[in-house]
Amino acid sequence: MLVLGGTGEARRLAALVPVISSLAGRVSDPRLPDGDVRVGGFGGVDGLVTWLRDNDISAVVDATHPFARKITANAFEATSRLGLPFLILRRPGFVQEPGDDWRWVSSVAEAAASLPGERVFLTTGRQDISAFASCSQWFLARMVEPPASPLPQRIQVLLDRGPFTVDGELALLREHRIDVLVTKDSGGEMTSAKLVAARRLGVPVVIVRRPPLPDAPVVATVEEAVSWLGTAGA
Ligand code: NAP
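Residues numbered from 1 in each chain as written. Predicted model: local features only at pLDDT ≥ 70, side-chain atom pairs only at ≥ 80, totals over all residues. Heavy atoms only, no water.

Engineer: It is not clear to me how the overall build of the protein should be interpreted in this structure. Could you clarify?
Structural biologist: Looking only at helices and strands, the protein features seven helices and 12 strands. For the protein, whose C-alpha radius of gyration is 19 Å, the value lies close to the compact-globule estimate of 17 Å for 234 residues. Projected onto its principal axes, the C-alpha positions of the protein cover 55 × 35 × 30 Å. Counting the 234 residues in the protein, one finds 47% classified as buried. For the protein, long-range pairs separated by at least 24 residues make up 63% of all intrachain contacts whose partners lie at least 6 apart in sequence. Counting 25 positive and 26 negative side-chain charges, the protein places the centres of these two groups 4 Å from one another. (Helix = DSSP H or I, 4+ residues; strand = E, 2+ residues; numbered from the N terminus. Rg over C-alpha atoms; globule rule 2.2 N^0.38 Å. Buried < 20%, exposed > 50% of the residue type's maximum accessible area, 1.4 Å probe, protein only. Contact = heavy atoms within 4.5 Å. Lys, Arg positive; Asp, Glu negative; His and termini not counted. Charge placed at Lys NZ, Arg CZ, Asp CG, Glu CD.)

Following this line, the structure appears as structure tokens:
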């Protein structure tokens, strides 16, 4: 069986079931899952089809980040062509509470065009930072790996990959006098502390909606994925 992605869910699944895990290779020092791991792209849908055949894969679980749209689409297409069972494992999105000032947008470009503040805590990751390059606001941009250019003119980069605590996030927002938080709806406990901190301080949040999923079965927990694997005969 192949598990795509290096998310916490992917790693927990790999700890329970013998699988080959596939990482994109974006992070230089990734947290490695248990078992066999391969790193790097497959070469599009055709490359993935060939790899799945050559490695005698019986089922594929896509446990990539909710915004890794291309690999999910490719895996759906490749498994459809081969008639292989395909499951999407996606942790639930963030949950808005009454009183939260969350402004939902459909893309990082839309977020960049509608910032309701001047001192921005940007947590969308290094791949999306160029969308903010022409913004005049000041940015505190947190990411795992250093960003590529182009960057906004006024930016402080913070390299960190968490997990983050509410107290730590409160201190960060206060220290930098943040007046708007920008995030993707990634979900997960590792990154939700910033939203709790924003809630406590009354900081507005610009939140990017998840891209749509292909027409495949979706589960939210590792336990459901394990039970699906049983029924899929993988
Ligand atoms: P993407 O746009 O969906 O994929 C771009 C290309 O990267 C794919 O076509 C594929 O290349 C390769 N790729 C992506 N994930 C792969 C995997 N697990 N194994 C092998 N190849 C993979 O992906 P992305 O947004 O660049 O994200 C790359 C990785 O970083 C994902 O695994 C994702 O879980 C993680 N990540 C993404 C985000 C985000 O916000 N997008 C945030 C945190 C972590 P080929 O076409 O050559 O096969």
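Moving on from the coordinates now.
Engineer: I'm lost on the packing of aromatic side chains in this one. Help?
Structural biologist: Aromatic rings in a pair are described by how distant their centres are and how their planes are angled relative to each other. By the definition in use, this model includes four aromatic pairs. Ring geometry for Phe76 versus Phe86: centroids 6.2 Å apart, planes at 50°, classification tilted. You can see Phe76 sitting in helix 3 (residues 69-82) and its partner Phe86 sitting in strand 5 (residues 86-89), a full 10 residues away along the chain. Residue Phe76 is classed as partly exposed on the basis of its relative accessible area of 26%. (Phe/Tyr/Trp six-rings, centres within 6.5 Å; stacked < 30°, edge-to-face > 60°.)

Engineer: Sorry if this is basic, but what is going on with the pattern of salt bridges here?
Structural biologist: Once the charged atoms of two side chains with opposite charge are near each other, the side chains can pair. Inspection of the entire model under this criterion finds 12 salt bridges. Salt-bridge contacts for Arg12 lead to Glu9; the nearest nitrogen and oxygen are separated by 4.0 Å. Placement of both Arg12 and Glu9 in helix 1 (residues 8-16) is noted, with a separation of three residues, approximately one turn of the helix. Given the relative accessible area of 45%, Arg12 is considered partly exposed. The salt bridge involving Asp62 is made with Arg90; its shortest N-O contact spans 3.0 Å. (Salt bridge = Lys/Arg side-chain N within 4 Å of Asp/Glu carboxyl O.)

Engineer: Teacher, can you tell me more about the sheet that holds strand 3 (residues 36-39) here?
Structural biologist: The strands making up a sheet are joined through hydrogen bonds of the backbone, oriented either antiparallel or parallel. Read from one edge to the other, the open sheet built from six strands follows the order 3-2-1-4-5-12, with strand pairing classed as parallel. Of all strands in the sheet, those bounded by a partner on one side alone are strand 3 and strand 12 (218-219). Here strand 4 (residues 60-62) runs beside strand 5; their pairing, made up of three bridges, is parallel. By the bridge assignment, Val61 is partnered in strand 5 with Leu87. Relative to strand 1 (residues 2-4), helix 1 is tilted by about 160°, and along the sheet it contacts strand 1, strand 2 (20-23), strand 4 and strand 5. Along the sheet face, helix 2 (residues 44-54) touches strand 1, strand 2, strand 3 and strand 4 and points at about 145° away from the line of strand 1. (Pairing = 2+ DSSP bridges. Axes fitted to C-alpha atoms, helices over the stretch in contact; angles between N-to-C directions.)

Engineer: Help me understand the domain arrangement of the protein, please; the structure alone is not making it clear to me.
Structural biologist: A common way to report how large an interface is uses the accessible area buried once the components associate. We note that the domain assignment places domain 1 (2-91 + 212-232) and domain 2 (102-208) within the protein. The C-alpha-based centres of domain 1 and domain 2 are spaced at 28 Å. Across the pair Asp29 and Arg161 runs a salt bridge, and its minimum N-O distance is 4.0 Å. At the junction of domain 1 with domain 2, the criterion picks out seven residue pairs in polar contact (both at pLDDT 80 or more). Considered class by class, the residues forming the side of domain 1 that touches domain 2 number four nonpolar, two polar and four charged. (Domains from an automatic or database assignment. Polar contact = N/O pair within 3.5 Å; in protein donor to acceptor, adjacent residues only side chain to side chain. Nonpolar A, V, L, I, M, F, W, Y, C, P; charged D, E, K, R; others polar.)

Engineer: Explanation requested: helix 2 in the structure shown.
Structural biologist: Spacing of three or four residues puts side chains on the same side of an α-helix, whose turn is 3.6 residues. Here helix 2 has its buried residues at Val45, Gly47, Leu48, Val49, Trp51 and Leu52. Looking one or two residues beyond helix 2, the residue adopting positive phi is Asp56, at roughly 55°.

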